Every structure is written in structure tokens, then in C-alpha cells.
Amino acid sequence: ISKKQGTYICSFIKNKSIDKAIFDLTDVINLKKAVPFKGEIPHRKGKIMSGRYPVKVSAMMINVLKGLKGNVIANGLDLDKTRIYFASASWASRPRRGAGGRFKRTHVILKAKEFTGVKK
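Residues numbered from 1 in each chain as written. Predicted model: local features only at pLDDT ≥ 70, side-chain atom pairs only at ≥ 80, totals over all residues. Heavy atoms only, no water.

Visitor: Would you mind going over the environment of F12 with me for this structure?
Guide: As for its placement among the helices and strands, F12 is situated in helix 1 (residues 3-13). A C-alpha to C-alpha distance of 16 Å links F12 and S90, two positions 78 residues apart in sequence. Those residues in contact with F12 that sit more than four places away from it in its chain are D24, L25, V28, K33, A34, V35 and P36. (Helix = DSSP H or I, 4+ residues; strand = E, 2+ residues; numbered from the N terminus. Contact = heavy atoms within 4.5 Å.)

This is the structure we're talking about:
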């Protein structure tokens, strides 16, 4: 994935529960909800200035979120009280292709923590 799309999706799912993040990314895939982007990007419907629908990146992030959900359950945390408190996308090593071209790679780090007193 591109670092730019990964960064905006990480800020989109931060401070949400895992199930809510998966639901929102499913809406992005179905073109129902836009991910807020900055720059010269057209306005979208709803309470959003500008945004895009990164469908492929959303599908990849859903797989990562399902893995995070499995880790939360395996570690014995309460899934309803768990929130994504850290989401980051940064550059990974990008090996060269033929003719000196480079292709996209991104490290994505997601951390979830159980918070007490969380509203459902």
C-alpha cells in the first residue's frame, strides 16, 4: 500500500473499537463512507471536507484488524472495552525493480488496549 493512504486510514480508525473500525472500512469498500484526505481532493457527502475511497487498502487493513481482534481475544481482553489507541504507517524498505523503479511498501503498526469506563 502507499504510505499516504495508510497514514490517512490509520488516523481514520484510531480511537475506535475493532469492530467499529472493520464496519467503517467495509463502508469505505462499498463507497458509502469516505476517508478524510488532505490536499486538492474533491468534497464528499456528509460532514467531511475532502476524501477518497481507498478500496484496496481498506481490504488489506480489514485483514490486519481481524488479526488484531484475534490477538485481543487470545490475550483475554474484553473486546467491548478494547480500543485502537495507536495506529501508524511508516516507510518500509523498498527494493528496486528493473530500470531503477521502486514500488510501494509500508509498515503498519496497530496497538489495542482495554480501557475501563468505555461507552458502548
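Visitor: Help me understand helix 3 (residues 55-74) in this model?
Guide: The end-to-end C-alpha distance of helix 3, which contains 20 residues, comes to 29 Å, matching closely the 28 Å that a straight helix rising 1.5 Å per residue would cover. Restricting attention to buried positions, one finds in helix 3 the residues V57, S58, M61, I62, L65, L68 and V72. Buried residues of helix 3, seen end-on, are gathered within an arc of 140° and therefore sit on one face of the element. Within helix 3, the exposed residues directed more than 90 degrees away from the buried face are K56, N63, K66, I73 and A74. Summarising the contacts, the buried residues of helix 3 are in contact with helix 1, helix 2 (18-29), strand 3 (82-91) and strand 4 (106-114). Once helix 3 finishes, G76 follows within two positions and takes phi at roughly 80°, a positive value. (Expected span 1.5 Å × (residues − 1). Buried < 20%, exposed > 50% of the residue type's maximum accessible area, 1.4 Å probe, protein only. Arc of directions from axis to C-beta.)

Visitor: How should I be thinking about the pattern of salt bridges in this particular structure?
Guide: It is possible for side chains of opposite charge to pair when their charged atoms get near one another. One pass over the structure, following the stated rule, counts 4 salt bridges. A salt bridge links K16 to D24, with the nearest nitrogen and oxygen atoms 2.6 Å apart. Per residue, the accessibility class of K16 equals that of D24, and both read buried. Among the salt bridges present, the one from K33 reaches D24, with a minimum N-O distance of 3.1 Å. Among the residues examined, K33 registers a relative accessible area of 28% and is labelled partly exposed. Overlapping salt bridges, with partners in common, bring together K16, K20, D24 and K33 in one network. (Salt bridge = Lys/Arg side-chain N within 4 Å of Asp/Glu carboxyl O.)

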